[in-house]
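What follows is the residue order along each chain.
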Amino acid sequence: MGHRVTVFKPYPLTPGQKIRIEGGPRSGDWEVVEVGDRTMRLRCPVSGREVEWDRFACFVEERPDAEWPSREG
């Protein structure tokens, strides 16, 4: 008998890509600056602040006509 399994795969981010993280301490709109084997560098489109984090992004959904950056908090 099979089981319901949730599968997470790292998303292949590319420089220049515009992303939105919903939930957690990293939430908000970001532009991908650089992607390495273990880390990624992102830039906030509002403040211009850049951060480097371990790669963590997993694909959930794609919104083809979304406002970016979002005017929501």
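An account of the accompanying structure is given in this report. (Residues numbered from 1 in each chain as written. Predicted model: local features only at pLDDT ≥ 70, side-chain atom pairs only at ≥ 80, totals over all residues. Heavy atoms only, no water.)

**Considering the sheet that holds strand S3 (residues 39-43)**
Reading across the sheet, the four strands line up as S1-S2-S3-S4 and stay open at both edges, with antiparallel pairing between neighbours. What marks the edges here is a single partner per strand, and that holds for strand S1 (18-21) and strand S4 (50-54). Across the sheet, the mean angle from the axis of one strand to that of its neighbour is 40°, orientation sign disregarded. Note: S1 against strand S2 (residues 28-35), four bridges, orientation antiparallel. Its bridge partner being in S2, Ile21 is matched across the sheet by Gly28. (Pairing = 2+ DSSP bridges. Helix = DSSP H or I, 4+ residues; strand = E, 2+ residues; numbered from the N terminus. Axes fitted to C-alpha atoms, helices over the stretch in contact; angles between N-to-C directions.)

**A closer look at the nonpolar core**
Counting residues in hydrophobic clusters, the biggest one holds 10 residues: Leu13, Ile19, Ile21, Trp30, Val32, Met40, Leu42, Cys44, Val51 and Trp53. Those elements that provide at least two residues to this core are S1, S2, S3 and S4. If we ignore the near neighbours within four places in the chain, the residues touching Trp30 are Gln17, Lys18, Ile19, Ile21, Leu42, Arg43, Cys44, Pro45, Arg49, Val51, Trp53 and Trp68. (Core = buried A, V, L, I, M, F, W, Y, C linked by side-chain atoms within 4.5 Å. Buried < 20%, exposed > 50% of the residue type's maximum accessible area, 1.4 Å probe, protein only. Contact = heavy atoms within 4.5 Å.)

**With respect to the pairing of S3**
Side chains Met40 and Leu42 of S3 all project onto a buried face; the interleaved residues Thr39, Arg41 and Arg43 project onto a face where none is buried. Examined bridge by bridge, S2 and S3 share four bridges and lie antiparallel to one another. Bridge pairing in S3 links Glu34 to Arg41. Pairing of S3 with S4 involves five bridges; the strand directions are antiparallel. Bridge pairing in S4 links Met40 to Trp53. What sits between the antiparallel neighbours S3 and S4 is a turn of six residues, in which Gly48 has the positive phi angle 80°.

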